[in-house]
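Coordinate inspection notes
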Amino acid sequence: GESVGLHLPTLSVQEGDNSIINCAYSNSASDYFIWYKQESGKGPQFIIDIRSNMDKRQGQRVTVLLNKTVKHLSLQIAATQPGDSAVYFCAENGEDDKIIFGKGTRLHILP
Amino acid sequence: GAGVSQSPRYKVAKRGQDVALRCDPISGHVSLFWYQQALGQGPEFLTYFQNEAQLDKSGLPSDRFFAERPEGSVSTLKIQRTQQEDSAVYLCASSPSGANTGELFFGEGSRLTVL
């Protein structure tokens, strides 16, 4: 399939290492945040979400951290695998509760 | 199938042609969303339906864009008099509940290229 994003910031991580993908959001009124994964030629896939009354939430191999003071969101992926190669988007519920996506980060796994 | 289905997957149109993109959401999902994704960008919101009601169309870029979901299931996004700047992937997503849940189930998208 065609590449989703040719000019995105790229994070290169050795297979087996942990990955940390960062995101800054703009709307201080947002109270719900989501991380999506998008593989080439496919639609975004939900990974994990967090509400603003929490600062950390864990899933299977993934952790989302929320710092409302500096409006920063991060996604940590433990023991990164080749299948984790994708573009990762953070999203927030914007005005009128529309889900607004950020610009994305490409995760590249080094063998 | 069990997921969101979009057709056509690829569409090439000459500038000025009209196009129609179809979305079959997951059966029983109440909410349906259309997004536009330009190359190298995140998805941009276009419009949102709850059942057959179009509750938000604030993201539609111009009056050449029109979406409908007449029976609260299948939706069609129509673009009239296509322009080169309309070239993008058009993503459809559905959700079992209301707009403020982030777990949207996306289709694979329809890639539109306007020559």
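Residues numbered from 1 in each chain as written. Chains lettered and ligands numbered in written order. Predicted model: local features only at pLDDT ≥ 70, side-chain atom pairs only at ≥ 80, totals over all residues. Heavy atoms only, no water.

For the rest of this paragraph, the subject is the overall build of chain A. Per the secondary structure count, chain A includes zero helices and 10 strands. When the helices and strands of chain A are placed in sequence order, the string is β-β-β-β-β-β-β-β-β-β. In terms of overall size, chain A behaves like a compact globule, its C-alpha atoms giving a radius of gyration of 14 Å where 111 residues would be expected to give roughly 13 Å. On the principal axes, the C-alpha backbone points of chain A span a range of 40 × 25 × 20 Å. Within chain A, contacts between residues at least 6 apart in sequence are counted, and of these 54% link residues at least 24 apart. Here chain A displays about 5,700 Å² of accessible surface, and carbon together with sulfur accounts for 46% of that area. Distance between charge centroids for chain A: 2 Å, based on 11 positive and 12 negative side chains. (Helix = DSSP H or I, 4+ residues; strand = E, 2+ residues; numbered from the N terminus. Rg over C-alpha atoms; globule rule 2.2 N^0.38 Å. Contact = heavy atoms within 4.5 Å. Areas by Shrake-Rupley, 256 points an atom, 1.4 Å probe, with all protein chains shown as cover. Lys, Arg positive; Asp, Glu negative; His and termini not counted. Charge placed at Lys NZ, Arg CZ, Asp CG, Glu CD.)

All names here are of chain B. One pass over the full model with this rule turns up seven salt bridges over all chains. The shortest N-O distance in the salt bridge between Glu 108 and Arg 9 comes to 2.9 Å. Of this pair, Glu 108 sits in the loop between β10 (105-106) and β11 (110-114) while Arg 9 is found in the loop between β1 (5-7) and β2 (10-13), placing the two residues 99 residues apart along the sequence. On the basis of relative accessibility, which here comes to 38%, the residue Glu 108 falls in the partly exposed class. The exposure class of Arg 9 is partly exposed, given its relative accessible area of 29%. Between Asp 24 and Arg 22 there is a salt bridge, with its nearest N and O atoms 2.7 Å apart. Of the residues examined, Arg 22 reaches a relative accessible area of 38% and is grouped as partly exposed. (Salt bridge = Lys/Arg side-chain N within 4 Å of Asp/Glu carboxyl O. Buried < 20%, exposed > 50% of the residue type's maximum accessible area, 1.4 Å probe, protein only.)

Attention now moves to the sheet that holds strand β2 (residues 19-24) of chain A. Residue and element names in this part refer to chain A. Spatial ordering of the open sheet is given by β2-β7-β6-β5, a layout of four strands whose pairing is antiparallel. The open sheet has two edge strands, β2 and β5 (56-58), and neither has a second partner. On average, each strand axis in the sheet is inclined to that of its neighbour by 15 degrees, with strand direction left out of account. Sheet topology note: the β2/strand β7 (residues 72-77) ladder contains six bridges and is antiparallel. Residue Ala 24 lies in a different strand from β7, and its bridge partner there is His 72. (Pairing = 2+ DSSP bridges. Axes fitted to C-alpha atoms, helices over the stretch in contact; angles between N-to-C directions.)

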